[in-house]
Amino acid sequence: MEENREPSGNPASFFLWIKDGFGLLRKAPGAVIGGILILCLVEGGIEAMVVFPHGDVVGMILSLLFTPAYVGWMILCLKAYRGENPAITDLFGVYAKFAPLMAAFILYLLMVIGGSLLFLAPGFILATKFMFAGLAVADRNLNVAGAFRFSDSIARGHKWKLFALLVLSAAPGIALMIFAQLNEYRVLETPWHPYYNFASGFASGLLFNPPMGLFYATAYENLWKRHEALVAVPTATAAPDA
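These notes cover the structure that comes with them. Here the structure is a predicted model, which means the values were calculated and not measured.

1. With respect to the overall build of the protein chain
- When helices and strands are tallied, the protein chain shows twelve helices and zero strands.
- Relative to its full complement of 242 residues, the protein chain shows a buried share of 45%.
- In the form shown here, the protein chain has an accessible surface area of approximately 12700 Å², with 70% of it arising from carbon and sulfur atoms.

Structure, rendered in structure tokens:
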């Protein structure tokens, strides 16, 4: 497969996204590490103080309301990547766009679940096409429909790289969730009390949040810049008609 390049010469590369993502830990260590820790503390607190005494349903509702903070985490990483001044407040500044962010998240979730229930392939395709919709709402101030169109346009032609990114980002958290479920059904005999719940939530966040923010931000920035460059100079990059 050829490596599609924009006129500036930057490749749309999975390994570049990973490399640049880890590089954010050096570019803005205070904001990046601080953002990770705050998310993990909140997730651990939800598990210990909400899920443990009140059950999974209440915990799921509170976690849903916390969803925009994950987009804020991506914005923090995106600012670090762009050489701007990321701050911990970026985690919660996106709540000014709470309604469109929640609408984009719920629509994305329904599309992926619905596509997966029909056949696995549609769910996979929709997951990669629209994975940047929420980030586009926050970063580009788009409405929900515009954000989905934008995500589709920058992801086009890169589904396998984006699928690999999804798997890499989700795999650690999924493994921990499986462990937690085994423990809940007493397959594993780990004490089930608030301290364990806090540790489980904190560890889940520590596994899930860094790749979601670091790698999604670098992939998003790389793909939209490439897309803009290709649109700007179509004669230099367009493939000949079949």
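Now that the structure is up, let's keep going.
2. Quick look at the packing of helix α8 (residues 133-140) against helix α9 (residues 144-155)
- The geometry of α8 relative to α9 is characterised by a closest axis approach of 8 Å and an angle of 115° between their N-to-C directions. Overall, the two elements α8 and α9 adopt an arrangement that is roughly perpendicular. Crossing hand, α8 versus α9: right-handed. Packed against α8, whose contacting residues are A133, A136, V137 and R140, the element α9 presents A147, F148, F150 and S151 at the interface.
- Broken down by class, the residue content of the contact of α8 with α9 amounts to six nonpolar, one polar and one charged.

3. Quick word on the environment of Y216
- Of note, Y216 is situated in helix α11 (residues 194-232).
- Overall, the relative accessible area of 10% leaves Y216 in the buried class.
- Remark: the alpha-carbon pair of Y216 and L78, spanning 138 residues in sequence, is separated by 8.7 Å.
- Look past the residues within four positions of Y216 in its chain and what remains in contact with it is M74, M131, F132, L165, L166, S169 and P211.

4. Quick word on unusual backbone geometry
- In the Ramachandran plot, N141 falls in the positive-phi region, its phi being about 55° despite a non-glycine side chain.
- Here N141 lies in the loop between α8 and α9.
- Of the residues examined, N141 reaches a relative accessible area of 59% and is grouped as exposed.

5. Points about the pattern of salt bridges
- By the definition in use, this model includes six salt bridges.
- The partner of K79 in a salt bridge is D90, with the nearest N and O atoms 2.9 Å apart. Of this pair, K79 sits in helix α4 (residues 67-81) while D90 sits in helix α5 (residues 90-93), and the two are eleven residues apart along the sequence.
- Look at K79 and you get partly exposed, because its relative accessible area is 25%.
- D90 gets classed as buried once you look at its relative accessible area, which sits at 11%.
- What you see here is one network of salt bridges that share partners, running through R82, D139, E221 and K225.

About the cut-offs
- Residues numbered from 1 in each chain as written.
- Predicted model: local features only at pLDDT ≥ 70, side-chain atom pairs only at ≥ 80, totals over all residues.
- Heavy atoms only, no water.
- Helix = DSSP H or I, 4+ residues; strand = E, 2+ residues; numbered from the N terminus.
- Buried < 20%, exposed > 50% of the residue type's maximum accessible area, 1.4 Å probe, protein only.
- Areas by Shrake-Rupley, 256 points an atom, 1.4 Å probe, with all protein chains shown as cover.
- Axes fitted to C-alpha atoms, helices over the stretch in contact; angles between N-to-C directions.
- Parallel < 35°, antiparallel > 145°, perpendicular 65-115°, else oblique.
- Left-handed = near helix turned anticlockwise from the far one by under 90°.
- Contact = heavy atoms within 4.5 Å.
- Nonpolar A, V, L, I, M, F, W, Y, C, P; charged D, E, K, R; others polar.
- Salt bridge = Lys/Arg side-chain N within 4 Å of Asp/Glu carboxyl O.

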